[in-house]
Amino acid sequence: MKRPNIILFYCDDLGYGDLGCYGSDAMKTPHLDQLAREGIRFTNWYSNSPVCSPSRASLLTGKYPAKAGVTSILGGKRGTKGLSLEQTTLASALKGHGYQTALFGKWHLGASAEYGPNAHGFDEFYGFRAGCIDYYSHIFYWGQGGGVNPVHDLWRNETEVWENGEYMTEAITREATAFIDAAPDDEPYFMYVAYNAPHYPMHAPKAYLDRFPDLPPDRRIMAAMIAAVDDGVGEIVEALKQKGAYEDTIIFFSSDNGPSTESRNWLDGTEDLYYGGSAGRFRGHKASLFEGGIREPAILSYPAGLAGRQGQISDEVFAMMDIFPTMLELSGVGTEGYDLDGHSIFDARSGNALSPHKQLFWEYEGQLAVREGKWKLVLNGKLDFSRTEADAVHLSDLEQDSSERINLAMQYPEIAQRLERDVRQWYQSLQEEA
């Protein structure tokens, strides 16, 4: 059997409610909508963290963030340490089994070459190492208040490159399609396409803005940035089809966390919260362990391997750490010998996508959360980086109240106490292993 190619699309701060196939009537995403029709669309897919670096660590290692050694947003100053070289990434695992590996876009798991993509199994890298850059100058501006000067951050492998004026989303697409065109037909590859959109700064070419003349300014720029990503996905899929490789390519699309409310998203001279991105019906945003911060749009396509399942909608519960074992299973590599918290999403007996998780846990900046079936408990919850939830213990029945508006902790004290005990024991086990 021919080994499949693997492409992971990973957006940045994309909300659950900002794709057409997830109910948006403002965002126009025809290519992603088509991908969902040809694959499986997931409604209960979670990031393992409500912020970027830990989420990416889980995606690439198959572990909870703390076990991957990355629990917070990593800095962008050159020389900043990152993901330990002792951690095995999906790129390293696949490379060891004959896959060509490439990353185009955002890394954010270490701002030095020592901890960069090439050191973690990627044969090719084009993109940036920090958390965000200006889309046209490719300069990292943020954090200079702490003594960090703005710094240029665009690299081809370990060589700095200068492409001032090139829109980053389009540059990522350009590199990905060129990689597909040049790839030998008899060698499988793993390509990680990590778009930094729609993370701030809010930049988009005029041609994309002109598609959305009737939206208010904050939503208009968001729609334009997402449209550029959607076009990029369409171009990459078309490149696969032209190469005759689409049927034998696994494609996964998702985002690292929910939409950001940070005021620096929208530079209108005020310190008001930004609401350009949408978490749909869910409560919370980036940095929150409520659903809006961690439940993500997720699409899986693999025509040759998922025959008969096109257009399925899965309500099963999965997380980013499940991608590592799932891709190893689908590629025929297998997971034996790897220390993983994630599990393949496909049941070994039925072949269907079935949740392997009795419980899922989260921790971030003093918040704890656990999901078990329909129950979700959040401790010390926040709505974003700055706003705190009134109730220190919040229990929700997600089947009846997916937006987590009603706190059932007093109504079901035994369930709340048991879940609190479980998540605290899990968190304590992380501290003991550290």
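Just so we're clear, the structure is a prediction, and the values are computed from it rather than from any experiment.

**With respect to the pattern of salt bridges**
Then, number 1: The full count for this structure, using the stated rule, is 28 salt bridges.
Then, number 2: Arg283 is paired through a salt bridge with Glu389; the nearest N and O atoms lie 2.4 Å apart. Here Glu389 lies in the loop between strand E15 (375-379) and strand E16 (393-397) and Arg283 lies in the loop between strand E10 (249-255) and helix H8 (291-294), a separation of 106 residues in the sequence.
Then, number 3: Overall, the relative accessible area of 15% leaves Arg283 in the buried class.
Then, number 4: Residue Glu372 is joined to Lys358 by a salt bridge in which the shortest nitrogen-to-oxygen separation is 3.5 Å. With Glu372 in strand E14 (residues 367-372) and Lys358 in the loop between helix H9 (323-330) and strand E13 (360-364), this pair connects stretches of sequence that are 14 residues apart.
Then, number 5: Residues joined by salt bridges that share partners form a network here, namely Arg156, Glu163, Glu166, Arg174 and Glu175.

**Details of the environment of Leu74**
Then, number 1: Here Leu74 lies in the loop between helix H3 (65-68) and helix H4 (90-95).
Then, number 2: Taking the C-alpha atoms as reference points, Leu74 and Gly234, separated by 160 residues in sequence, lie 31 Å from one another.
Then, number 3: Residue contacts for Leu74: discarding those within four places in its chain leaves Ser53, Lys81, Gly82, His108, Leu109 and Gly110.

**Brief notes about the nonpolar core**
Then, number 1: Membership of the largest hydrophobic core comes to 64 residues, with the highest contact counts inside it found for Ile7, Phe9, Met191, Val193, Tyr195, Ile236 and Phe253.
Then, number 2: Mapped onto this core, the elements with two or more residues apiece are strand E1 (5-11), helix H1 (30-37), strand E3 (100-106), strand E4 (124-128), helix H5 (168-182), strand E9 (189-194), helix H7 (217-243) and E10.
Then, number 3: No other element matches H7, which puts 14 residues into this core.
Then, number 4: The residues contacting Tyr195, other than those within four sequence positions of it, are Phe9, Tyr10, Cys11, Asp12, Thr169, Ile172, Thr173, Val229, Gly232, Val233 and Ile236.
Then, number 5: Among the nonpolar cores identified, the runner-up in size contains 43 residues, and Ile6, Phe252, Leu328 and Val333 belong to it.

**Some remarks on empty space enclosed by the protein**
Then, number 1: For the structure shown, the criterion picks out 4 cavities of 30 Å³ or more.
Then, number 2: The volume enclosed by the largest cavity comes to roughly 50 Å³.
Then, number 3: For the largest cavity, the full set of lining residues is Gly76, Arg78, Ala111, Arg129, Ala130, Val151, His152, Asp153 and Trp155.

**Details of the layout of surface pockets**
Then, number 1: Space inside the largest pocket adds up to approximately 260 Å³.
Then, number 2: Contributing to the lining of the largest pocket are 20 residues, with Ile73, Leu74, Phe140, Tyr200 and Arg264 lying nearest its centre.
Then, number 3: Along the lines of polarity and charge, the residues of the lining of the largest pocket split into 9 nonpolar, 6 polar and 5 charged.
Then, number 4: Empty space within the second largest pocket amounts to approximately 210 Å³.
Then, number 5: Ala66, Thr71, Glu363, Leu430 and Gln431 are, among the 12 residues lining the second largest pocket, the residues nearest its centre.

**Some words on the sheet that holds E13**
Then, number 1: With respect to topology, 4 strands assemble into an open sheet ordered E13-E14-E15-E16, the strand pairing being antiparallel. Every interior strand has two partners, whereas the edge strands, E13 and E16, have only one. Averaged over all neighbouring strand pairs, the angle between strand axes comes to 10°, with direction disregarded.

**Observations concerning unusual backbone geometry**
When glycine is set aside, most residues are seen to have a negative phi, and most peptide bonds are trans.
Then, number 1: In this structure, Pro198 follows Ala197 across a cis peptide bond, with omega equal to 0°.
Then, number 2: For Pro198, the position within the fold is in the loop between E9 and helix H6 (206-209).
Then, number 3: For the bond from Tyr200 to Pro201, the omega torsion is 5°, close enough to zero to count as cis.
Then, number 4: Summarising the element assignment, Pro201 is placed in the loop between E9 and H6.
Then, number 5: In this model, His108 sits at a positive phi of 60°, which is unusual for a non-glycine residue.

**Structural notes on the packing of H5 against H7**
Then, number 1: At a minimum axis distance of 9 Å, the contact between H5 and H7 shows a crossing angle of 10°. The pairing of H5 with H7 is recorded here as roughly parallel in orientation. When H5 is examined against H7, the residues Thr169, Thr173, Ala176, Thr177, Ile180, Asp181 and Ala182 are found in contact with a partner set consisting of Ala228, Val229, Gly232, Glu235, Ile236, Ala239, Leu240 and Lys243.
Then, number 2: Partitioned by chemical class, the residues of the contact of H5 with H7 number 8 nonpolar, 4 polar and 3 charged.

**Notes on the side chain of Asn5**
Then, number 1: One can find Asn5 in strand E1.
Then, number 2: For Asn5, a relative accessible area of 7% gives the class buried.
Then, number 3: Within the structure, Asn5 has its side chain in polar contact with the side chain of Thr249 (distance 3.3 Å).
Then, number 4: If near-sequence neighbours (up to four positions away) are discounted, Asn5 is found in contact with Glu187, Pro188, Tyr189, Ala245, Asp248, Thr249 and Ile250.

**Describing the packing of aromatic side chains**
Then, number 1: The full count for this structure, using the stated rule, is 21 aromatic pairs.
Then, number 2: Ring geometry for Phe42 versus Trp45: centroids 4.9 Å apart, planes at 65°, classification edge-to-face. An identical accessibility class is assigned to Phe42 and Trp45; each is buried.
Then, number 3: The rings of Tyr10, Trp107, Phe122, Phe190 and Tyr192 are connected pair by pair, giving a single aromatic cluster.

**Considering the packing of H1 against H7**
Then, number 1: Remark: H1 packs on H7, axes separated minimally by 7 Å, with the N-to-C direction vectors making an angle of 55°. By the angle between their axes, H1 is oblique relative to H7. When H1 is examined against H7, the residues Pro30, His31, Leu32 and Leu35 are found in contact with a partner set consisting of Asp230, Asp231, Val233, Gly234 and Val237.
Then, number 2: Residue composition of the contact of H1 with H7, by class: 5 nonpolar, 2 polar and 2 charged.

**Topic: the sheet that holds E10**
Then, number 1: Strand order in the open sheet formed by 10 strands is E8-E7-E4-E3-E9-E1-E10-E11-E2-E12, with mixed pairing between adjacent strands. Looking along the sheet, the strands with just one partner apiece sit at the ends: strand E8 (159-160) and strand E12 (312-319).
Then, number 2: Bridge count between strand E2 (residues 40-46) and E12: 6 bridges; the pairing is parallel. Counted as the bridge partner of Ile40 is Gln312 from E12.

Calculation rules
- Residues numbered from 1 in each chain as written.
- Predicted model: local features only at pLDDT ≥ 70, side-chain atom pairs only at ≥ 80, totals over all residues.
- Heavy atoms only, no water.
- Salt bridge = Lys/Arg side-chain N within 4 Å of Asp/Glu carboxyl O.
- Helix = DSSP H or I, 4+ residues; strand = E, 2+ residues; numbered from the N terminus.
- Buried < 20%, exposed > 50% of the residue type's maximum accessible area, 1.4 Å probe, protein only.
- Contact = heavy atoms within 4.5 Å.
- Core = buried A, V, L, I, M, F, W, Y, C linked by side-chain atoms within 4.5 Å.
- 1 Å grid on protein atoms, 1.4 Å probe; cavity = no way out; pocket = protein on both sides within 12 Å on 5 of 7 lines; lining within 4 Å.
- Points joined across faces, edges and corners; volume = space filled by probe spheres on them.
- Nonpolar A, V, L, I, M, F, W, Y, C, P; charged D, E, K, R; others polar.
- Pairing = 2+ DSSP bridges.
- Axes fitted to C-alpha atoms, helices over the stretch in contact; angles between N-to-C directions.
- Parallel < 35°, antiparallel > 145°, perpendicular 65-115°, else oblique.
- Polar contact = N/O pair within 3.5 Å; in protein donor to acceptor, adjacent residues only side chain to side chain.
- Phe/Tyr/Trp six-rings, centres within 6.5 Å; stacked < 30°, edge-to-face > 60°.

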